[in-house]
Structure formats: structure tokens, C-alpha cells
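# Structural overview for review
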Amino acid sequence: MRYQRSSALFDEAYQYIPGGVNSPVRAFKSVGGVPVFMKSAKGAYLTDADDNVYVDYINSWGPAILGHTHPDVLEELKIQAEKGFSFGAPTELETEIAKFITENVPNIDQIRMVSSGTEACMSAVRLARGFTGRDKIVKFEGCYHGHSDSFLIKAGSGAATFGNPNSPGVTAGTAKDTLLARYNDFEQVEELFKKNPNEIAAIIIEPIAGNMGCVLPENDFLQKLRILCDENGTLLIFDEVMTGFRLAFGGAQELFNVKADLVTYGKVIGGGLPVGAFAGRNEIMDHLAPKGGVYQAGTLSGNPLAMRAGLKTLQIIKNNPEFFTGLAETTEVLDIEIGKILTEKGIQHKINRQGSMMSVFFDVEVVSNFDDAQKANHSKFNKFFHHMLENGIYLPPSGYETYFISDAIKDAEINLTLDAVRTF
């Protein structure tokens, strides 16, 4: 494939946008090469600025669960666009989608709309601190909850130490209130609670991690965290920005039968438009302003374009009882068939999968946490990525990211994908 137009666009963007991109993963720093600039999308396919066409396994990092520009969602957006883009005032649409979500998701009574997953997670942690009167939170290595200061923390040298800032601009004062643990290591979390009695406001976790590749909870990890939180008066926050309405209509709470105190959303509930949300029980959510003292606000929160697109997307999913089964079956076929091909070629690999999320790791047998993900052969992944790209398959440009399968991916797209893997 030729990328002349993308290269020229990147050179121009580099002059006016830091690093040439508005989100770092788009820069292809992990895999090398020039980022591909897209100009259109429809169904399962992306078209770039050079008119190359790709089967899309990113799907806007998750929200295009129906495929791109679904005709019913597009029609709703046209209707809303003629009425107005944003008013800075309440709309009936906000209540409609809030009612729809709270009636269909377990263990939440109220939901507050925001404009991004970062904002949702940041606000949920502030609310947890305000509700409990405590300062510290526990997060897990490899779990990404947005770029709020509290989350840009890496582990210290000890097994249960205070975090250290992982980005310039994050202060040591912020870092000291974020405690790090290894994903799937319950004993390490227990030790943090013993060393910080009555100080931990919340545990925040991706119930299925999607930012170190797809990594699943093991050995009743989530259930044990729920019990630990109950025993210590700590809130359990599920970051379902990726998993919400993607793995089940009730998200990970439904899938694993674990009740979270607060849940954050994004991606799917905007139907592809920028959106985020956080939700919980009345007793917690009532602490938010203007009813309570915990302040959170957003000028474009609940904007009507995102609300209308999101509501239509959720209604389409809800009206198809086999929706999640179909997505999971498609993903299972990809998992099994890609695995067969790589095995026949003698390429050691591990594929992690849950529902419509999956990742391929090279030269490792198990990936249960961030340490395992780091041991994978990322150089081989980079070669795999570029090979697939050249053959019309658009994968996430990092070995630490998850593939998101859409309902638009059918047999034809699967066959194109497997043909590309066979020539790797």
C-alpha cells in the first residue's frame, strides 16, 4: 500500500499539533512508521487519505460496536443536528438515556453524564473520596483510567509501596495517595489495606483490563475485592469505559455477578461521539453537587448529539437478544482460527479473549498482569501489525492494546483477516 497522502498530512500536522496527533497512541510510536490518516468509515471498513481500505479492529477504540455510521444512528444524528448541536441547558434526551441505562444495569440508581472516560473516572474517584472522607485509592499496574493526575502513577520498587509519578507534571503529593497493586494479585491488595488502615477511599479497576492488552480477572479476583471493600468501608469502582455495554448489557457487573459501588462508562453510550458517565447508588450519588457538596461540572456534558446517538445505539443492542452472543461467537472464531494458523507456523503466542475483546501476545504462555504483558515479544507484534496493515487489516498500533470487534464484522471480513495472518 502507498501512504503518500498520510505522510504529507502527518508532516503538516507535526507543525501545528504536538507530536502531530491529538492522542499519543495515534502516532505509531510503539509500532514505528507513519500514522495512517483516515477520511471515512462505513460498516466494518475504514478508508484512509490514500484511498486504502481496511477491515477495522479498533472501531474508534470501542464505541463503534454496531460498525461505523450505522444507518439508524446516522438518521438520529441528522434529526438532532437540525434541532441544534448543544444548548448548555437541560434536555429531555439526557433523562431518557439516564432512565434507560439505570433501568437496564444492575446496582445503579443515578448516572451523571460527562464528556470523556478520563472525566468519568476522575469524577468517580473524587466522589468516592467525598463520600468516605478518605484520601487514598488503589489502582492496578497496567490499568488505564484516563490521564487524570491520580492515575498516571507507576509502581515503586517494593511489592506494596506508594506510587511514583509516571509523567512530568504529576506531583509527588498526588502520587502518595495512589497505591499500586499487581492485577490478579489479591494478597498484594490485602497487604496495602493492612498498611493503610481506614485510609483507602476506593479501589478502581478495569474488570477486564484493556490497556495492557486484554487481560482477564482470575481466581475470583473481583469477588475477593468486593468482600475486601465491604470489610473496610471502601468503595469498589468498576471502570467500564471499555466493557460497559460491550460484554453484556449490564457490563462486567452482570457478567461476573459482582456489584460495584460506582461504575464509569464511555465509548458505546455515545454511539461514537465523545461521551463519558459515572453511576452508582442513590446514597453515593446524592453527594454530588448541586444536591451534595462534591463538585463536578461540564459545559458540554449530556450534549444532545451524543445523547441521541448513544440512546439509539443502546436501543438497537437491547432489541437484539442475540447481540452479545453473536459478537462473542465472531471473536471466538477469530481467536481459534488465528491461533491455529500461528501454531501451524510454529509461532509461540497467547490469545486472551472475553466477549468481543481480544489480544494476541507473542512468545509468552500466560498474560495475567502487566509484568506478563511486558514480557511479550513486542518487536514481533510490531512486524505483525505492519504486515496486517499492508494486507488491509487495521489493528491497534500497540501490543498493549485490545482489539474491539464490531457487529459489522462477518464471514467475509474474518476470511480477509485470516488470509492476512496466513502470509505472516
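Every value quoted in this text rests on a predicted model; they were computed, and no experiment measured them.

Let us look at the nonpolar core. Proteins that are soluble and globular tend to have nonpolar side chains buried together. Counting residues in each nonpolar core, the largest one holds 106 residues, and the members touching the most others are Ile101, Phe140 and Tyr265. Both domain 1 (4-57 + 322-423) and domain 2 (71-319) contribute no fewer than three residues apiece to this core. Setting aside residues no more than four positions away along its own chain, isoleucine 101 makes contact with Ile108, Ile111, Met113, Phe245, Ile269 and Leu314. Ala124, Leu235, Phe278 and Ile284 belong to the second-largest nonpolar core, a separate cluster that totals 20 residues.

A separate point is a negative patch on the surface. On the surface, Glu187, Glu190, Glu191 and Glu231 cluster together to form a negatively charged patch. With 3 residues, the single largest contributor to the negative patch is helix H6 (residues 186-195). Examined against the element boundaries, glutamate 231 turns out to sit in helix H7 (residues 221-232).

This part covers helix H14 (residues 411-422). Given 3.6 residues per helical turn, the α-helix brings residues three or four places apart onto the same face. Its 12 residues place the ends of H14 16 Å apart at the C-alpha level, agreeing with the 16 Å of an ideal helix rising 1.5 Å per residue. Residues of H14 that are buried include every one of Glu413, Ile414, Thr417, Leu418, Ala420 and Val421, and no others. Along the long axis of H14, the arc covered by the buried residues comes to 155 degrees, so they all point the same way. Buried-residue contacts for H14 involve strand S2 (45-48), strand S3 (53-56), helix H11 (323-344), helix H13 (378-390) and strand S15 (393-394).

Here the focus is the domain arrangement of the protein chain. Domains assigned within the protein chain are domain 1 (4-57 + 322-423) and domain 2 (71-319). Here the C-alpha centroids of domain 1 and domain 2 sit 26 Å apart. Contact with domain 2 buries surface across domain 1, with Phe324, Gln354 and Met357 losing the most and accounting together for 32% of the total. Across the pair arginine 182 and aspartate 371 runs a salt bridge whose closest N-O atoms are separated by 3.4 Å. Connecting domain 1 to domain 2 are 11 residue pairs in polar contact (both at pLDDT 80 or more). When residues of the side of domain 1 that touches domain 2 are traced back to their parent elements, those giving at least two are H11, strand S13 (349-354), strand S14 (357-362) and helix H12 (370-375). Ranked by residue count, the leading element in the side of domain 1 that touches domain 2 is S14, at 4 residues.

Quick notes on the rules
- Residues numbered from 1 in each chain as written.
- Predicted model: local features only at pLDDT ≥ 70, side-chain atom pairs only at ≥ 80, totals over all residues.
- Heavy atoms only, no water.
- Core = buried A, V, L, I, M, F, W, Y, C linked by side-chain atoms within 4.5 Å.
- Buried < 20%, exposed > 50% of the residue type's maximum accessible area, 1.4 Å probe, protein only.
- Domains from an automatic or database assignment.
- Contact = heavy atoms within 4.5 Å.
- Patch = residues over 30% accessible without salt bridge, like charges linked within 9 Å, V, L, I, M, F, W, Y side chains within 5 Å.
- Areas by Shrake-Rupley, 256 points an atom, 1.4 Å probe, with all protein chains shown as cover.
- Salt bridge = Lys/Arg side-chain N within 4 Å of Asp/Glu carboxyl O.
- Lys, Arg positive; Asp, Glu negative; His and termini not counted.
- Charge placed at Lys NZ, Arg CZ, Asp CG, Glu CD.
- Helix = DSSP H or I, 4+ residues; strand = E, 2+ residues; numbered from the N terminus.
- Expected span 1.5 Å × (residues − 1).
- Arc of directions from axis to C-beta.
- Buried area = accessible area lost by both parts, 1.4 Å probe.
- Polar contact = N/O pair within 3.5 Å; in protein donor to acceptor, adjacent residues only side chain to side chain.

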